[in-house]
Amino acid sequence: MDSEKIIKPANGYLMLAVTLALFFGSIFITFNQKQPIFLIITLLAFIGLFGFILVNPNTSKVVLLFGKYVGTIKQNGLYWANPLYKKKTVSLRASNFDSERLKVNDKLGNPVMISTILVWRVTDTYKAAFDVDNYENFVRVQTDAAVRKLASMYPYDNFADEGHDEDITLRSSVNEVSEALEKELEERLSIAGIEVLEARIGYLAYAQEIASAMLKRQQATAIIAARHKIVQGAVDMVEMALEQLNKKQIVELDEERKAAMVSNLLIILCGDKEASPVLNTGTLNH
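Report on the accompanying structure. Just so it is clear, the structure is predicted and the values come from calculations on it, not from any experiment.

What counts, and where the lines are drawn
Residues numbered from 1 in each chain as written. Predicted model: local features only at pLDDT ≥ 70, side-chain atom pairs only at ≥ 80, totals over all residues. Heavy atoms only, no water. Helix = DSSP H or I, 4+ residues; strand = E, 2+ residues; numbered from the N terminus. Buried < 20%, exposed > 50% of the residue type's maximum accessible area, 1.4 Å probe, protein only. Contact = heavy atoms within 4.5 Å. Areas by Shrake-Rupley, 256 points an atom, 1.4 Å probe, with all protein chains shown as cover. Pairing = 2+ DSSP bridges. Core = buried A, V, L, I, M, F, W, Y, C linked by side-chain atoms within 4.5 Å. Salt bridge = Lys/Arg side-chain N within 4 Å of Asp/Glu carboxyl O.

Attention now moves to the overall build of the chain. For the chain, the helix and strand inventory stands at seven helices and 10 strands. Looking at the 286 residues of the chain, the share that counts as buried comes to 31%. For the chain, the proportion of contacts with a sequence separation of at least 24, taken over those separated by at least 6, is 66%. Accessible surface for the chain amounts to roughly 18600 Å². Of this, 56% is attributable to carbon and sulfur atoms.

On to the sheet that holds strand β1 (residues 10-11). Taken in spatial order, the three strands of this open sheet run β1-β5-β2, and their pairing is antiparallel. With one partner strand each, in any of the chains shown, β1 and β2 (52-55) form the two edges of the open sheet. Note: β1 against strand β5 (residues 77-80), two bridges, orientation antiparallel. Bridging from a neighbouring strand, Ala 10 pairs with Trp 80 of β5.

Leu 118, Trp 120, Tyr 135 and Ile 194 are the most contacted members of the largest nonpolar core, which totals 35 residues. Listing elements by their share of this core, those giving two or more residues are β3 (59-65), β8 (102-105), β9 (111-122), α3 (125-131), α4 (135-153), α5 (174-189) and β10 (194-206). With seven residues, the single largest contributor to this core is α4. Leave out the neighbours within four places in its chain, and Tyr 135 touches Val 90, Ser 91, Trp 120, Val 122, Ala 128 and Ile 194. Ile 7, Ile 53, Val 55 and Val 70 belong to the second-largest nonpolar core, a separate cluster that totals eight residues.

The subject of this paragraph is the pattern of salt bridges. Inspection of the entire model under this criterion finds five salt bridges. Here Glu 195 and Arg 121 are joined by a salt bridge, their closest N and O atoms 3.1 Å apart. Taken together, the residues span a long stretch of sequence, with Glu 195 in strand β10 and Arg 121 in strand β9 at a distance of 74 residues. Taking the relative accessible area as the measure of exposure, Glu 195 reaches 30% and is therefore partly exposed. We note a salt bridge from Arg 188 to Glu 184, for which the minimum N-O separation is 2.8 Å. Remark: Glu 184 and Arg 188 occur in helix α5; sequence separation between them is four residues, near one turn of the helix. Note on Arg 188: relative accessible area 23%, which makes it partly exposed. Since its relative accessible area comes to 15%, Glu 184 is described here as buried. It is possible to trace a salt-bridge network through shared partners that takes in Lys 149, Glu 184 and Arg 188.

For the rest of this paragraph, the subject is unusual backbone geometry. Residues other than glycine seldom take positive phi values, yet Asn 58 does so here, at roughly 60 degrees. Considering the arrangement of structural elements, one finds Asn 58 in the loop between β2 and β3. Non-glycine residue Phe 66 carries a positive phi angle of around 50 degrees. By secondary structure assignment, the location of Phe 66 is in the loop between β3 and β4 (68-73). What makes Phe 66 exposed here is its relative accessible area of 72%.

None of this, on its own, says anything about what the molecule does.
Here is the structure:
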């Protein structure tokens, strides 16, 4: 037997009535008719009381007889089976596991702190009970191993300026990373008969020793990107202004005046502070 077998023992309510009737009936006959032989029935009825099995909703009972797997009871209710059966409870409920924050290296070798939130449940009670030593501890250990492997497969963020332009990163590609994590966990936990319902990154940040430097890097990247956008827009506006002035023939500008106008407009448009205009009552050169 190397797979799960679903069984349904005898109705527990009927057997409870029969067992109690035999137990108290044999005691009554023993004392009234002075026949000790009926004490054997009393003893058997008492032993029979250990054969009752109560299965709560979303739980199961794995049944063994002298080390041999008999089957699994998954339907909730009261049952009666061989009193010599050994019963082991395996929960079928969905369980949450929030892993500890692990310090690992990403694909580029940067140390990051990462944790995951896993939702799982047992689907094969035979594998959960007999193929692994402790399936709950197995989930914890394998989840940590999967997170370490996942972090080493992807960079924390893109660094296009250094030639590291990745399609998938831990920070921005949440759905892709979650799918990869679920697939990795399903492969690892299938040996224990466990189904992965959901797996997501719960915490992600640079390790403390490089967090400050990486924050400055991100700020610098954002500032450069903003400046690039401002300069690009300013050049377009200057080009449009010169084109409109020339088209409407408002004023004729030689190359020197165009250069001065372009310089002034760029200073105004790209500056951090508001411009303070200066009125020139003379010529351009005086």
